[in-house]
Amino acid sequence: MRLAELSERSGVSTATIKYYLREGLLQPGRRVTATQAEYGEDHLRRLRLVRALIQIGKVPVAVAREVIGAAEDASQDHHLRLGAATRALPHDPGPAEDDEAATTARRSVDALLEQLGWHGMHDEPSPALATLVASVAALGRLGYPCDTAHLLPYGRLAAELAVTDLDLVEEQPTADGQIEAAVALTVLYEPVLLSLRRLAHIQESARRFVGP
């Protein structure tokens, strides 16, 4: 296909595609004349991955280039390739305070991971782990319950959600499609989860506290 058709099928403007080509995010097309090139389905799949990272995930271009390199490294197993994509998504670890609350939070989180059977998390550090520790520490500083026993129900629910999420990812027929879906679904489903949680709070509050 020519550039215009690639733009139409991908939903990415021709100017943006040219920018991705210049930045090395998209592999060059096959030259047919001095000024024209042809593009194939591989270019379309790559564009969808780039769009998932940059437009949906808000990942900087330089980071997206590194992620694509890691995600397309056939020497890595699929788990590592998926992880390279999702770890690049923006995280807010919060202030790195080293106080009693942070120490207690790390102990609670480590105990939580042990009870959930989530081993090896420290061997493959994730920004999500740092965010979790910072969030639990913030709860502790404000005096809210956040020990392992209180965190465990949330961890169990997260484990169930992970099965649902990965089922959706595996519906994609190609490895590239699964990597794209891992990024897009992580970003797009997080507001869905937050909204459902708040709606559930409304429903449960009404059940508990609204009179006859």
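Definitions and cut-offs
Residues numbered from 1 in each chain as written. Predicted model: local features only at pLDDT ≥ 70, side-chain atom pairs only at ≥ 80, totals over all residues. Heavy atoms only, no water. Axes fitted to C-alpha atoms, helices over the stretch in contact; angles between N-to-C directions. Helix = DSSP H or I, 4+ residues; strand = E, 2+ residues; numbered from the N terminus. Parallel < 35°, antiparallel > 145°, perpendicular 65-115°, else oblique. Left-handed = near helix turned anticlockwise from the far one by under 90°. Contact = heavy atoms within 4.5 Å. Salt bridge = Lys/Arg side-chain N within 4 Å of Asp/Glu carboxyl O. Buried < 20%, exposed > 50% of the residue type's maximum accessible area, 1.4 Å probe, protein only. Nonpolar A, V, L, I, M, F, W, Y, C, P; charged D, E, K, R; others polar. Patch = residues over 30% accessible without salt bridge, like charges linked within 9 Å, V, L, I, M, F, W, Y side chains within 5 Å. Areas by Shrake-Rupley, 256 points an atom, 1.4 Å probe, with all protein chains shown as cover. Lys, Arg positive; Asp, Glu negative; His and termini not counted. Charge placed at Lys NZ, Arg CZ, Asp CG, Glu CD. Expected span 1.5 Å × (residues − 1). Domains from an automatic or database assignment. Buried area = accessible area lost by both parts, 1.4 Å probe. Polar contact = N/O pair within 3.5 Å; in protein donor to acceptor, adjacent residues only side chain to side chain.

### Details of the packing of helix H1 (residues 3–10) against helix H3 (residues 41–56)
H3 packs onto H1 with a crossing angle of 45 degrees between their chain directions and a minimal axis gap of 10 Å. Between H1 and H3, the angle falls in the class oblique. Regarding H1 and H3, the two cross each other, and that crossing is right-handed. Residue-level contacts link Leu6, Arg9 and Ser10 of H1 to Glu41, His43, Leu44, Leu47, Arg48 and Arg51 of H3.

### Structural notes on the pattern of salt bridges
Taken as a whole and assessed by the stated rule, the structure comprises 8 salt bridges. Glu41 is the partner of Arg9 in a salt bridge, and the nearest nitrogen-oxygen pair spans 3.0 Å. In this pair, Arg9 is assigned in helix H1 and Glu41 in helix H3, connecting sequence segments 32 residues apart. The partly exposed category is assigned to Glu41, whose relative accessible area is 38%.

### Examining the side chain of Ser7
The residue Ser7 is located in helix H1 in this model. If sequence neighbours within four positions are ignored, Ser7 has contacts with Val12, Ser13, Thr14 and Ile17.

### Observations regarding the packing of helix H6 (residues 100–116) against helix H7 (residues 127–141)
Packing of H6 against H7 leaves a shortest axis separation of 8 Å and a crossing angle of 125 degrees. With respect to H7, the axis of H6 lies oblique. In this structure, the crossing between H6 and H7 has a hand that is right-handed. Every residue of H7 that contacts H6 at Ala101, Ala102, Ala105, Arg106, Val109 and Leu113 is listed here: Leu129, Leu132, Val133, Val136, Ala137 and Arg141. Of the residues contributing to the contact of H6 with H7, the split by class is 10 nonpolar, no polar and 2 charged.

### Overview of a negative patch on the surface
There is a patch of like negative charges on the surface, built from Asp165, Asp167, Glu170 and Glu171. Within the secondary structure, Glu171 is located in the loop between helix H8 (148–170) and helix H9 (175–209). For Glu171, a relative accessible area of 60% gives the class exposed.

### Some details on H3
A rise of 1.5 Å per residue sets the reference length of H3, with its 16 residues, at 22 Å; its end C-alpha atoms lie 21 Å apart and thus fit the reference within 8%. What H3 keeps buried is the set His43, Leu44, Arg46, Leu47, Leu49, Val50, Ala52, Leu53 and Ile54. Tucked inside the fold, the buried residues of H3 contact H1, helix H2 (14–22), helix H4 (61–71), helix H5 (78–87) and H9. In the stretch just after H3, Lys58 is the one whose phi turns positive, near 60 degrees.

### Considering the domain arrangement of the chain
Split by domain assignment, the chain resolves into domain 1 (3–76) and domain 2 (100–209). Tallying the contact residues gives 8 residues for domain 1 and 8 residues for domain 2. Both sides together, the interface formed by domain 1 and domain 2 hides about 740 Å², and carbon and sulfur atoms give 76% of it. Considering only the side of domain 1, the residues that lose the most area to domain 2 are Arg45, Leu49 and Ile56, jointly responsible for 51% of the buried surface there. Here domain 1 and domain 2 share 0 residue pairs in polar contact (both at pLDDT 80 or more) between them.

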